[in-house]
Amino acid sequence: MSTSFDELPVAVIGGGPVGLAAAAHLAEREIPFVVLEAGDGPAAMVRQWGHVRLFSPWRYNVDAAARRLLAEAGWVEPDPDVLPMGAQLADDYLRPLADVPTLKPHIRYDSRVVAVTRLGMDRVRTADRASTPLLVRLADGDDLLARAVIDASGTWATPNVLGASGIPAHGETQAAAYVEHALPDVLGADRDRFAGKRTVVVGAGHSAANTLLALAELAGQAPGTSVVWAIRSTSAARTYGGEAADALPARGALGSRLRSHVDDGTIELVTGFAVQSVEATAGRVRVSGGVGTITADRIVSATGFRPDHTFVSELRLDLDPILGSTRALAPLIDPNEHSCGTVPPHGADELAHPEPGFYAIGVKSYGRAPTFLLATGYEQARSVVAALAGDWAAARDVQLDLPETGVCNSDPVLDSDTITSSGGCCGTTAAAEAEPAGRRRAPLTLISVTETGGSDQAGGCCD
Ligand SMILES: Cc1cc2nc3c(=O)[nH]c(=O)nc-3n(C[C@H](O)[C@H](O)[C@H](O)COP(=O)(O)OP(=O)(O)OC[C@H]3O[C@@H](n4cnc5c(N)ncnc54)[C@H](O)[C@@H]3O)c2cc1C
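Residues numbered from 1 in each chain as written. Predicted model: local features only at pLDDT ≥ 70, side-chain atom pairs only at ≥ 80, totals over all residues. Heavy atoms only, no water.

An unreviewed UniProt entry lists the protein chain under the name Pyridine nucleotide-disulphide oxidoreductase, with Asanoa ishikariensis as the source organism.

Set out below in structure tokens:
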């Protein structure tokens, strides 16, 4: 007997924090679902930055439906004020969540999605579109049918290029063996690639700052280690933030640590450097950027991420031409406007595409905007699942339960086992106070200030 359209599962692409949150909400609403995760376990991308400490404490990193399912399974929630490492987020929350009995049988690992379309039609055909199953193709050739698709596949696998003009620098592809993408484990698994070597870090956001601080620490341990920091801007002031005068003490502390390493010469800062070409030569790499050429052993490219829309290109998407989010979401997250960000809560309405039953949520939903927070993604998941359940009242009752302080604690202290949120890092804007409760603009001030465009396009949490 064939399965009717309404009996088909919702396919969730990606078993990261937001994909698993969507699964938890689907399970609570008893909507059939399948999670398709490319990795061999949950949170494959988070595990890649497992050595990095989150800047938001546990209380904002756990989805509400996930918390309820985990509580039923006897889970003991970590101290809400502690800032976990990425590995702790994966091991202490996402692995147990993926293993709860209502989720586990519905998660498929080693299942990379390579295409999504409508069964028997390309994106030109209009008739019967909404009632025709979505077809999800996996890398192993398997096809699955779904009544809706939630794309929570993130952006980690598609980093931005080094080239300042948004296209690869001359020679960038040929020199790939010398280029590391964001957040190598400088003090851990990847130490040998950096110890005693000269590394140039390109970028001005959170990833660059983390890597620079780790390299500066390594320079104190391993003789011969040297660090160059290349930014396109003419000043690092925006990355340093307000330091002691910063309304956000933790952000100020991070900026101060960076500045002091620059001042004492541990980090050599090169400003006005817009990467144009990269050349491997005699076992080293030369990177040229208008104001000069830097020769190093390694390059760390911390220039942000881009969403990959290629595998959903047979769907009818309404993408913002700049950010690659939905057009409705773009003005709410535009880094040109939200450098110290206030992002209103948003949900199914803002995330909808012309394609019925298709939503991108999580960090991918922000496209190139670097200011995504898990708490925002969890609210997206709740709202989208409510919409798929036909519960539009709940879908539209979007809220962001972020307090005025303590959300974005941004001092990634790397040398202590238990780091707690110091609070006080997120100010309340006048606009926020003017909004009615429930639709309030949540203060999402992040670690550093956005420089838009090109290789310094960075400055949020996930760049
Ligand atoms: C270093 C770092 C620190 C951060 N710290 C914080 C913080 O403190 N607080 C905060 O709120 N946010 C933080 N963020 C931002 C954001 O919350 C994280 O990036 C978060 O992991 C995003 O979750 P996600 O589920 O949207 O995407 P991801 O975690 O990237 O998960 C996507 C999943 O999809 C899978 N996948 C990808 N492509 C496919 C495919 N084609 N088929 C099947 N599966 C696929 C991946 O394997 C992965 O498991 C941080 C980000 C980074 C990089």
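Asks: Would you mind going over the overall build of the protein chain with me for this structure?
Replies: Scanning the protein chain from terminus to terminus reveals 13 helices and 18 strands. The 463 residues of the protein chain split such that 56% are buried. Across the protein chain, every contact between residues at least 6 apart in sequence was considered, and the portion connecting residues at least 24 apart equals 70%. Accessible surface for the protein chain amounts to roughly 17900 Å². Of this, 50% is attributable to carbon and sulfur atoms. (Helix = DSSP H or I, 4+ residues; strand = E, 2+ residues; numbered from the N terminus. Buried < 20%, exposed > 50% of the residue type's maximum accessible area, 1.4 Å probe, protein only. Contact = heavy atoms within 4.5 Å. Areas by Shrake-Rupley, 256 points an atom, 1.4 Å probe, with all protein chains shown as cover.)

Asks: Quick question: what am I supposed to make of the pattern of salt bridges here?
Replies: Oppositely charged side chains are able to pair whenever their charged atoms sit close together. For the coordinates displayed, the defined rule picks out 21 salt bridges. Across the salt bridge formed by Arg284 and Asp297, the nearest N and O atoms sit 3.2 Å from each other. Of this pair, Arg284 sits in strand S13 (residues 284–288) while Asp297 sits in the loop between strand S14 (293–296) and strand S15 (298–301), and the two are 13 residues apart along the sequence. One salt-bridge network, held together by shared partners, links Glu180, Asp190, Arg193 and Arg298. (Salt bridge = Lys/Arg side-chain N within 4 Å of Asp/Glu carboxyl O.)

Asks: Where do I start with the packing of helix H1 (residues 17–28) against helix H3 (residues 64–72) in this structure?
Replies: In a pair of packed helices, the angle between the axes and the distance between the axes together describe the arrangement. At their nearest, the axes of H1 and H3 sit 8 Å apart, and the two run at 65° to each other. As judged from the angle between their axes, H1 and H3 are roughly perpendicular. H1 and H3 meet at a crossing whose hand is left-handed. Contacts between H1 and H3 involve Ala24, His25, Ala27 and Glu28 from the former and Ala65, Ala66, Arg68 and Leu69 from the latter. (Axes fitted to C-alpha atoms, helices over the stretch in contact; angles between N-to-C directions. Parallel < 35°, antiparallel > 145°, perpendicular 65-115°, else oblique. Left-handed = near helix turned anticlockwise from the far one by under 90°.)

Asks: Any chance you could explain the pairing of strand S9 (residues 198–202) here in plain terms?
Replies: Looking along a regular strand, one sees the side chains alternate between the two faces of the sheet. Taken across its five residues, S9 has four buried, putting it largely inside the fold. Note that S9 and strand S10 (residues 226–230) share five bridges and pair parallel. Paired with Val201 across the strands is Trp229, a residue of S10. In terms of strand pairing, S9 meets S15 through four bridges, oriented parallel. The residue of S15 that forms the bridge with Val202 is Ser301. (Pairing = 2+ DSSP bridges.)

Asks: It is not clear to me how the nonpolar core should be interpreted in this structure. Could you clarify?
Replies: Taken as a class, soluble globular proteins show a tendency for nonpolar side chains to be buried jointly. Among the nonpolar cores identified, the biggest contains 64 residues, and Tyr93, Leu103, Ile150 and Ile361 are the most heavily contacted of them. If you look at the next biggest cluster of nonpolar residues, it comprises 24 residues, including Ala208, Ala216, Trp229 and Leu254. (Core = buried A, V, L, I, M, F, W, Y, C linked by side-chain atoms within 4.5 Å.)

Asks: How should I be thinking about the side chain of Thr117 in this particular structure?
Replies: For Thr117, the location among the structural elements is in strand S4 (residues 113–118). Looking at Thr117, its side chain comes within polar contact range of the main-chain oxygen of Met121, at 3.4 Å. Setting aside residues no more than four positions away along its own chain, Thr117 makes contact with Pro133, Leu134, Leu135, Glu314 and Leu315. (Polar contact = N/O pair within 3.5 Å; in protein donor to acceptor, adjacent residues only side chain to side chain.)

Asks: What is the right way to read the sheet that holds strand S5 (residues 134–138) from this model?
Replies: Two pairing modes exist for strands in a sheet, parallel and antiparallel, and in both the strands are linked by backbone hydrogen bonds. Read across the sheet, three strands follow the order S4-S5-S6 without closing on themselves; strand pairing throughout is antiparallel. The sheet is open, and its two borders are formed by S4 and strand S6 (143–146), each paired with just one other strand. The average angle at which neighbouring strand axes cross in this sheet is 25°, direction not considered. Bridge count for S4 against S5 is five bridges, and the pairing is antiparallel. Within the sheet, the bridge partner assigned to Arg118 lies in S5 and is Leu134.

Asks: Explanation requested: the sheet that holds strand S8 (residues 179–181) in the structure shown.
Replies: Strand order in the open sheet formed by five strands is S8-S15-S9-S10-S11, with parallel pairing between adjacent strands. Lying at the two open borders of the sheet, with one neighbouring strand each, are S8 and strand S11 (267–270). Neighbour-to-neighbour, the strand axes of this sheet turn through a mean angle of 25°, independent of strand direction. In terms of strand pairing, S10 meets S11 through four bridges, oriented parallel. Residue Val227 lies in a different strand from S11, and its bridge partner there is Ile267.

Asks: How should the pairing of S10 be read in this particular structure?
Replies: Burial of S10 is extensive: four of the five residues sit out of reach of the surface. Between the parallel pair S9 and S10, the chain is carried across by helix H6 (residues 206–221), and the sense of this crossover is right-handed. (Right-handed = clockwise from strand over helix to strand, strands pointing away.)

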